[in-house]
Amino acid sequence: MGEISVIAQDHHRRPRSIGGSDKPANISYVKDQDHKDWHTLAGNLNAYQLCNWFNKLEFIKPTNVILVCEFINGSQGKGHGGHNSKNKHKICSAWKSLSKGLNYEQTIEYFNSVWLDPSYHFYVVYMGR
């Protein structure tokens, strides 16, 4: 039988460019294309920048939702990043690929567990409930 090969890359949940380390708690192993898609969405933004960016993406975020970022443990990040795409088509494509058919809240939980700086957590808050 033939072998199935999956290419995995190290993803630094807090980017090294803004103070992230090579410690295991800061590393997720992700598929190559997912990693590219994440950096299309997030570049090397810090957690607060990323939260603000996601809140601005009205074409992805439900209208009655706000995303909140909270420091939960570890060390607080001090750097500011950038380099995320501003192209709506690329952003939508990357979001769709990464969300894998999940709803918004499930997608954010997935981002929390795999992609986001482990010292922070995103919370989905529903307005008007």
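Structure report, in brief.

Focus: the state of the cysteines
- Going through the model one piece at a time under the given rule, you end up with zero disulfides.
- Of the cysteine sulfurs around Cys69, a residue in no disulfide, the closest is that of Cys51, at 5.4 Å.

Remarks on the nonpolar core
- If you look at the biggest cluster of nonpolar residues, it comprises 29 residues, and the most contacted ones within it are Leu50, Phe54, Tyr104, Ile108, Phe111 and Phe122.
- Among the elements of the structure, α1 (32-42), α2 (47-56), β3 (65-71), α3 (88-99), α4 (104-114) and β4 (120-126) are those that each provide at least two residues to this core.

Re the packing of aromatic side chains
- Taken as a whole and judged by the stated rule, the model has 12 aromatic pairs.
- Ring plane angle 15° and centroid distance 5.3 Å describe the contact between Trp38 and Trp115, whose orientation is recorded as stacked. Remark: Trp115 occurs in the loop between α4 and β4 and Trp38 occurs in helix α1; sequence separation between them is 77 residues.
- For Trp115, a relative accessible area of 1% corresponds to the buried category.
- With 5.5 Å between their ring centres and 65° between their planes, Phe71 and Tyr120 make a pair best called edge-to-face. With Phe71 in strand β3 and Tyr120 in strand β4, the pair connects residues that are 49 residues apart, well separated along the chain.
- Taking relative accessible area as the criterion, Phe71 reaches 31% and is therefore assigned partly exposed.

What counts, and where the lines are drawn
Residues numbered from 1 in each chain as written. Predicted model: local features only at pLDDT ≥ 70, side-chain atom pairs only at ≥ 80, totals over all residues. Heavy atoms only, no water. Disulfide = S-S within 2.5 Å. Core = buried A, V, L, I, M, F, W, Y, C linked by side-chain atoms within 4.5 Å. Buried < 20%, exposed > 50% of the residue type's maximum accessible area, 1.4 Å probe, protein only. Helix = DSSP H or I, 4+ residues; strand = E, 2+ residues; numbered from the N terminus. Phe/Tyr/Trp six-rings, centres within 6.5 Å; stacked < 30°, edge-to-face > 60°.

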